[in-house]
Amino acid sequence: MDRLLRAAGRCALAFLLVLGVVALLPRAVQESVPNSVIGGAVFVLAWLGARRVVKRPR
């Protein structure tokens with residue numbers, strides 16, 4: 001259960017990180033970036049974070 005909560009926390013952190021970076025971009029750049037690119041970045045960061053948490057011990 002602890003690993004699941006950590007993975008969920010990392011997913012949420014990835015989401016907020018990407019949204020924060022997009023918010024810092026100028027308005028013209030924000031409008032030119034498609035929503036699918038932002039969603040893809042969140043998915044990749046969340047996947048990497050979850051993969052790191054779920055790694056099996058050696």
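Residue indices follow the written sequence of each chain, beginning from 1 at its first position. Local features are withheld for residues below a pLDDT of 70 in this predicted model, meaning they are given only at 70 or higher, and side-chain atom pairs are given and counted only at 80 or more; totals for whole chains, interfaces and linings count all residues. Values reported for side chains reflect all heavy atoms of the structure, with hydrogen atoms and water molecules removed beforehand.

**Section: the overall build of the protein chain**
Move 1: Across its full length, the protein chain carries three helices and zero strands.
Move 2: We count a stretch as a helix when DSSP gives it H or I for four or more residues in a row; a strand needs E for two or more, and each element gets its number in order from the N terminus. Helices and strands in the protein chain line up, N terminus first, as α-α-α.
Move 3: Throughout, the Shrake-Rupley method with a 1.4 Å probe supplies accessible areas, and for residues the shown protein chains are the sole cover considered. Accessible area of the protein chain: about 4,900 Å², with a carbon and sulfur share of 67%.

**Topic: a nonpolar patch on the surface**
Move 1: In this scheme, patches are assembled from residues that exceed 30% relative accessible area and form no salt bridge. Like charges are connected within 9 Å, while nonpolar side chains (Val, Leu, Ile, Met, Phe, Trp, Tyr) are connected within 5 Å. The rule for a salt bridge is simple: a side-chain nitrogen of Lys or Arg has to be within 4 Å of a carboxyl oxygen of Asp or Glu. Together, Leu-17, Val-21, Phe-43, Val-44, Leu-45, Trp-47 and Leu-48 line one region of the surface with nonpolar side chains, adding up to about 690 Å² of accessible area.
Move 2: Taken together, the elements giving at least two residues each to the nonpolar patch come down to α1 (2-24) and α3 (35-54).
Move 3: Per-element tally for the nonpolar patch: the top contributor is α3, with five residues.
Move 4: If you trace the backbone, Leu-17 turns up in helix α1.

**Things to note about α1**
Spacing of three or four residues puts side chains on the same side of an α-helix, whose turn is 3.6 residues.
Move 1: Spanning 23 residues, α1 covers 33 Å between terminal C-alpha atoms, matching the ideal 33 Å at 1.5 Å per step.
Move 2: Think of it in three bands: with a 1.4 Å probe and only protein chains considered, a residue is buried below 20% of the maximum accessible area for its type, exposed above 50%, and partly exposed in between. The set of residues buried in α1 consists of Ala-7, Ala-14, Val-18 and Val-22. By definition here, a helix of n residues has an expected span of 1.5 Å times n minus one.

**Overview of the confidence of the model for the protein chain**
Move 1: On average, the protein chain scores 78 in pLDDT, and the residues at 70 or more come to 88%.
Move 2: Confidence of the predictor at the level of single residues is given by pLDDT, which spans 0 to 100. Confidence scores differ between elements of the protein chain, with α3 showing the lowest mean pLDDT of 76 and helix α2 (residues 27-32) the highest of 85.

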